[in-house]
Amino acid sequence: MALPEAARDILSELPEHRRTSFELRLEQWWPDLHDAVTALYDDPDEVAAGLTSLAASAFAERAEDLHLLDERRLLEPDWFQRPDMFGYACYVDRYAATLKGLGERLDHLTDLGVTYLHLMPLLKPRPGDNDGGYAVMDFGVVRPDLGTTEDLRDLATTLRSRGISPVVDLVLNHVAREHEWAEKARAGDARYRDYFHIYPSRDTPDAYERTLPEVFPDFAPGSFTLDPELNEWVWTTFNEWQWDLNWSNPSVLLEFAEIVMNLANLGIEVLRLDAIAFLWKRIGTNCQNQPEVHAITQALRTACRLAAPATLFKAEAIVGPRDLMPYLGIGRHTGRVSDIAYHNSLMVQIWSMLASGSTDLARHALAALPPTPPSGTWVTYVRCHDDIGWAIDDDDAASRGLTGVGHRHFLADWYSGEFDGSWSEGVVFQHNKDTGDRRISGTAAALSGLGPSRKDPERGFARIFLAHAIVSAWGGIPVVWSGDEIGSPGDPDWASEPGHAEDNRWIHRPRVTDDDRAKRFERGSDAQRVFDGIAHIARVRKGLPMLHSEAPVRVLTDSDDGLLVLQRRHPSGTFVGVFNVTADTRPLARAVLFELGLTDPREVLSGHELVDRDGTLWVPPYAAWWAI
């Protein structure tokens, strides 16, 4: 592929070794770039050339230390798959008020073992209600109360010096109604009207809505809004002030390619692609997980690799297990789309096992997932900023003698504390009266028995440790949600903050203050016990090469119903995880460990001595064993 003239002019001022680097990357990745845009647009040559020129500009502007980071990452392409990766996610203002303040409070994170820091939406949102920052008004400006774009660059540099990779959200599906593009569309600019889905009557929206689910049925019913200025219908999947973008317009792709590379040039190492499943609209479908979504991701990722190969993509695709794997790349997109994806199914199955005391459904569902592509990995997590939607597949449930609806309702009852004997203090979020589905808000502590009423504190500690031990053993990057590392029961005043009263997810987004962080040094406190337990998991994990993401996960499907047993095989050795999800002691035949490849097993997480009685190991309640 010859360099487009515009790109050649941009690169002409660079030293020869820089020009050579870019040209080698283009030679390597041009087929991926052209293939992606060919699947999307009628003029692929022009679009690919435009993306190449944008990449050349970003490459020319990239700082020297980031060029060096690119070289390191190209030499270590598995850097994010290694067992020393351990994550944390937080809102900047709820952790440290400002970007500068966060940079001054990193000891808490490094002591926890953090090497991957996800900073929740920090680009300038619309004023007032903004979906927690996901209604972006300007992709080129940081929220003024957090600091400046230069503060973000400085923080990224500081994090890199501490061995922490910064992660930032990029909302792809929509922009705020107040975004410049939307304002120009409302002013009648034909170019920008075509950035959105705007319809003069209800005919087309009605045709789409026959098959569209509602995301927020309580406070944002439907998927279209009659805009008062346009007097036309605008596609608004999430809220009336979040306008869905028209990705069938190549100008939108080019706009976002530039945004991606600008963030990469600030030193952002991972971009979380928010609401990615919703990008492509096709009538007669639910307008999620359409094949063009993966072509869009491939085009953006390839363009970014030309300029900044150190920057990875993480797909925020909270979808069913059968739709999840394409976000890490299968078929023609293998190794060409997102590098990381959320393992939502694992989170749901962990809470399902703890509530039911049974691993049968989880073993069946998790064992059926295909292995991740060699170049990709998961983010695994016990909790995140969002509610928990009970994504239990109906077919999986039926195969275990359950009904999907019945089990989902049981989990909602259990974790809202409505089920007799429940130790959980979660709260219902978005009760869909038509289906009966209820999602749940609450911190890990509140859901585990360590909530405000402390319904079951000692076992609550055990459940928190067990859940984090599972996600840390599974494979990928385990990420701890802010506050969960100190056992926060939640924010009792969540509804008092402006814009929060109608969204109880803020209950599990507590502020973590200096006083809160200091409590982890108080011996015997909840904060100390939870923090030290999770930090211990991270330390042990770091020293186990068999927890590299390339080691496939095998789930034993015939273990005791109270046990989840995992095997990870790696050239360095074999790892077996044994997890008791019940309050009772459960049996495990020692021969199972031998059959899985451990002839003289050692338990390394707690140092528990594996002593059998007549060939049987007895696993204590809520125990987490890591055997090698």
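Residues numbered from 1 in each chain as written. Predicted model: local features only at pLDDT ≥ 70, side-chain atom pairs only at ≥ 80, totals over all residues. Heavy atoms only, no water.

## What to know about the sheet that holds strand 9 (residues 232-235)
As summarised here, the arrangement of the three strands in space is 7-9-8, forming an open sheet in which the pairing is antiparallel. Only two strands of the sheet have a single partner each, and these edge strands are strand 7 (198-199) and strand 8 (224-227). The pairing of strand 8 with strand 9 spans four bridges and is antiparallel. Counterpart to T225 in the pairing with strand 9 is V234. (Pairing = 2+ DSSP bridges. Helix = DSSP H or I, 4+ residues; strand = E, 2+ residues; numbered from the N terminus.)

## Describing the environment of Y199
By the element assignment, Y199 lies in strand 7. Ignoring anything within four residues of it in the chain, the contact list for Y199 reads T204, P205, Y208, F224, E232, W233 and W235. (Contact = heavy atoms within 4.5 Å.)

## Some words on the nonpolar core
One finds W247, F256, Y415 and W626 to be the most contacted residues of the largest nonpolar core, which totals 188 residues. Beyond its immediate stretch of four places on either side in the chain, F256 contacts F139, L170, V171, L172, W181, L245, W247 and L300. (Core = buried A, V, L, I, M, F, W, Y, C linked by side-chain atoms within 4.5 Å. Buried < 20%, exposed > 50% of the residue type's maximum accessible area, 1.4 Å probe, protein only.)

## Things to note about a negative patch on the surface
Together, D42, D43, D45 and E46 line one region of the surface with negative charge. For D43, the location among the structural elements is in the loop between helix 2 (16-38) and helix 3 (44-61). A relative accessible area of 32% means that D43 is categorised as partly exposed. (Patch = residues over 30% accessible without salt bridge, like charges linked within 9 Å, V, L, I, M, F, W, Y side chains within 5 Å. Areas by Shrake-Rupley, 256 points an atom, 1.4 Å probe, with all protein chains shown as cover. Salt bridge = Lys/Arg side-chain N within 4 Å of Asp/Glu carboxyl O. Lys, Arg positive; Asp, Glu negative; His and termini not counted. Charge placed at Lys NZ, Arg CZ, Asp CG, Glu CD.)

## Looking at the packing of aromatic side chains
Under the criterion given, the structure shown has 26 aromatic pairs. Pairing W79 with F80 gives two aromatic rings, centres 5.8 Å apart and planes at 75 degrees, and the pair type is edge-to-face. For F80, a relative accessible area of 2% puts it in the buried group. Here the aromatic rings of Y199 and F224 are separated by 6.1 Å at their centres, their planes lie at 65 degrees, and the arrangement is edge-to-face. Of the two residues, Y199 is situated in strand 7 and F224 in strand 8; the sequence distance between them amounts to 25 residues. There is no split in this pair, since Y199 and F224 are both buried. The ring of W79 carries the charged tip of R73 above its face, separated from the ring centre by 3.7 Å. Above the ring of W235, the side-chain terminus of K281 is found at 4.8 Å from the ring centroid. (Phe/Tyr/Trp six-rings, centres within 6.5 Å; stacked < 30°, edge-to-face > 60°. Lys NZ or Arg CZ within 6 Å of the ring centre and 35° of its normal.)

## Here's the deal with the sheet that holds strand 12 (residues 312-315)
Taken in spatial order, the eight strands close into a barrel running 1-2-5-11-12-13-14-17, and their pairing is parallel. Ignoring strand direction, the axes of neighbouring strands in this sheet form an average angle of 25 degrees. Pairing between strand 11 (residues 270-274) and strand 12: four bridges, direction parallel. Bridge pairing in strand 12 places L271 opposite F313. (Axes fitted to C-alpha atoms, helices over the stretch in contact; angles between N-to-C directions.)

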